[in-house]
Amino acid sequence: MDKLTVVLGVIGADCHAVGNKIIDHVLSEHGIKVVNLGVMVSQNEFIDAAIETGAEAILVSSIYGHGEIDCLGFRGRCIERGLGHIVLYVGGNLVIGKRPFEEVETLFLEMGFDRVFSPSTHLNDVVRYLKHDTAVALAA
């Protein structure tokens, strides 16, 4: 198999770049090819990049709390564009207000994301899940 390729970005009007750069660095250090779209990325830009690069996964980050709104319909758009199989991750500070992470996780899983990560997730865990989940998706 060629090098695992992922599309990474910060969705919506969110301009928080530091975490995005850290994620890019860690994934790259683990041999993953990262197509980093930066900040303020639309759903269609994520999908376009995934199609253009043949990415196996899309990693969506949101820190400003509007991920719940920005991510609505994302899996459906992936399906419409022929990417129903793509591994779809989301992480960060995804909602406004204090909600238990389990509630936030359930919300995003029901939206069609494969995994949901809290802000305190160790990035080595993300790498491990990513390698596993993309291998499973490719085998299906």
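These remarks concern the structure in this document. What you see is a predicted model; the values in this text were computed from it and never measured. (Residues numbered from 1 in each chain as written. Predicted model: local features only at pLDDT ≥ 70, side-chain atom pairs only at ≥ 80, totals over all residues. Heavy atoms only, no water.)

What follows covers the overall build of the protein. Scanning the protein from N- to C-terminus turns up 6 helices and 5 strands. Secondary structure elements in the protein, listed N-terminal to C-terminal, are β-α-β-α-β-α-α-β-α-β-α. For the C-alpha atoms alone, the extent of the protein along its principal axes is close to 40 × 30 × 25 Å. Counting contacts in the protein only where the partners sit at least 6 residues apart, residues at least 24 apart contribute 76% of the total. Carbon and sulfur atoms make up 56% of the accessible area of the protein, which amounts to about 7,100 Å² in all. Side-chain charges of the protein comprise 11 positive and 18 negative groups, with the mean position of each set lying 3 Å from the other. (Helix = DSSP H or I, 4+ residues; strand = E, 2+ residues; numbered from the N terminus. Contact = heavy atoms within 4.5 Å. Areas by Shrake-Rupley, 256 points an atom, 1.4 Å probe, with all protein chains shown as cover. Lys, Arg positive; Asp, Glu negative; His and termini not counted. Charge placed at Lys NZ, Arg CZ, Asp CG, Glu CD.)

For strand β1 (residues 5-10), a buried count of 6 out of 6 residues is recorded, marking the element as mostly surrounded by other parts of the structure. Burial of the side chains of β1 extends over both faces: T5, V7 and G9 are buried on one face and V6, L8 and V10 on the other. The pairing of β1 with strand β2 (residues 33-36) spans 4 bridges and is classified as parallel. Paired with L8 across the bridge in β2 is N36. One crossover worth recording links β1 to the parallel β2 by way of helix α1 (residues 18-29), and it is right-handed. In terms of strand pairing, β1 meets strand β3 (residues 57-62) through 5 bridges, oriented parallel. (Buried < 20%, exposed > 50% of the residue type's maximum accessible area, 1.4 Å probe, protein only. Pairing = 2+ DSSP bridges. Right-handed = clockwise from strand over helix to strand, strands pointing away.)

With that settled, consider unusual backbone geometry. Within the chain, M40 stands out as a residue other than glycine whose phi angle is a positive 55 degrees. Relative to the elements of secondary structure, M40 occurs in the loop between β2 and α2 (43-53). On the basis of relative accessibility, which here comes to 49%, the residue M40 falls in the partly exposed class.

Moving on to the environment of V95. Inspection of the secondary structure assignment puts V95 in the loop between β4 (87-92) and α5 (101-110). Put simply, V95 and K3 are 92 residues apart on the chain and 33 Å apart in space, counted from C-alpha to C-alpha. Excluding its chain neighbours within four sequence positions, the residues that come into contact with V95 are G65, E68, V104, L107 and F108.

Interhelical geometry of α1 versus helix α6 (residues 123-139) gives an angle of 55 degrees and a closest axis separation of 10 Å. Relative to α6, the element α1 is oriented oblique. Between α1 and α6 the crossing geometry is right-handed. Contacts between α1 and α6 involve I22, I23, V26 and L27 from the first element and L123, N124, V127 and L130 from the second. Taken together, the residues of the contact of α1 with α6 break down into 7 nonpolar, 1 polar and no charged. (Axes fitted to C-alpha atoms, helices over the stretch in contact; angles between N-to-C directions. Parallel < 35°, antiparallel > 145°, perpendicular 65-115°, else oblique. Left-handed = near helix turned anticlockwise from the far one by under 90°. Nonpolar A, V, L, I, M, F, W, Y, C, P; charged D, E, K, R; others polar.)

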